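Architecture at a glance
These are the residues of each chain, in order.
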Amino acid sequence: MKAIVNIGLKKGVLDDQGKATHHALDTLGFKDIVKDVRIGKQIIMELNASNEDDAKVEVTNMCEKLLANTVIEDYSIQIIG
Amino acid sequence: MNVSVLQFPGTNCEYDTQYAFEKLGCTVSIIWHKETSLPSNTDLLVIPGGFSYGDYLRSGAIARFASIMDAVQEYASKGGKILGICNGFQILLEAGLLPGAMKRNDKLHFISKIVPLKVVSNNNTFLQKLDVNEIVKIPVAHHDGNYYIDDAGLEDLIKNEQILLRYCDENSQEFNLNGAVSNIAGICNKEKNIFALMPHPERALEEILGSLDGLKMLEGFLNK
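Residues numbered from 1 in each chain as written. Chains lettered and ligands numbered in written order. Predicted model: local features only at pLDDT ≥ 70, side-chain atom pairs only at ≥ 80, totals over all residues.

Overview of the sheet that holds strand 10 (residues 184-188) of chain B
All names here are of chain B. Pairing is mixed in the open sheet, where nine strands are placed in the order 2-1-3-4-11-10-9-6-7. Of all strands in the sheet, those with a lone pairing partner are strand 2 (27-32) and strand 7 (135-142), marking the two edges. Recorded for the sheet is a direction-independent mean angle of 25° between the axes of neighbouring strands. By the bridge criterion, four bridges tie strand 3 (residues 44-47) to strand 4 (residues 81-85) in an arrangement that is parallel. Looking at the pairing, I47 lines up with G84 of strand 4. (Pairing = 2+ DSSP bridges. Helix = DSSP H or I, 4+ residues; strand = E, 2+ residues; numbered from the N terminus. Axes fitted to C-alpha atoms, helices over the stretch in contact; angles between N-to-C directions.)

Shown next, in the form of structure tokens:
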């Protein structure tokens, strides 16, 4: 089983890397098509688990404790069986 | 006075910090992160600057789970004095010992230069030797110093006199160096026993290196 965790800055917390990248894309001629850019990180884990629900509970725990800083970041979890 | 200085893999300011406090007449012990207790005579615990665990995941995120950190939490809860400098600030935020979080600098640059700081509150052990609105010149060297706290948290900081220092420009006017909320360079907890700042007072001890102001700051800890 595999878990894919996507972590990004919360809405309302300014994403400076996303903003700078957006600006660069504008300069490169993509101004008309790009509306917004957000940058985050992806953590991919191979899990020793038999049940998707249990896996999700454990990965949520990992996010709360270590993988995300919930003061400024949101996370989403995808479990692939 | 006995000062304990934590050392993680990637810490690189522990010996500068030792030098600074020895210059002030303190006895300094460097404590490796795998230890599980602090020297019982510790009067001040310093979490120094550097790049603990290579800043992997987030600055300070992995250091906060080091073996020594349980002892740090216990020491803090008993009112023990802690000073976090730069990476030490980031670790204290990740450990939940101070409010808020640190983001990458807004212009995404690593900033390394001497910066004027304005003293916001001296109603605490750390800055008691300085005057409110006094300017001190202290070097900064960081990539993740963009302090974030939500509006309610900021109100609490202001109300409880927890903002210690703000960044200024050469004309002593407040200045947003790195994107930090309210130009914040240093804060303390509500109980005023845990202090942290992004600038490095331990690097401002010699006139020939640009500033002596670090001594004036650190001296505050000598008065009990």
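Some words on the interface of chain A and chain B
Interface size is commonly expressed as the accessible surface area that is lost when the partners come together. Taken residue by residue, the interface counts eight residues in chain A and eleven residues in chain B. Looking at the side of chain A that touches chain B element by element, the count peaks at three residues for helix 1 (residues 16-30) of chain A. (Contact = placed C-beta atoms within 7 Å.)

Thoughts on the sheet that holds strand 3 (residues 73-80) of chain A
All names here are of chain A. One open sheet holds the three strands; their spatial order is 2-1-3, and the pairing between them is antiparallel. A single partner strand is all that each edge strand has here, and the edge strands are strand 2 (40-46) and strand 3. Adjacent strand axes in the sheet meet at a mean angle of 15°, parallel and antiparallel pairs treated alike. Direction of pairing for strand 1 (residues 2-9) relative to strand 2: antiparallel, over a ladder of seven bridges. The residue bridging N6 from the neighbouring strand is Q42, located in strand 2. Packed on one face of the sheet, helix 2 (residues 52-67) meets strand 1, strand 2 and strand 3 and runs near 155° to strand 3.

Just geometry here; none of it tells us what the structure is for.
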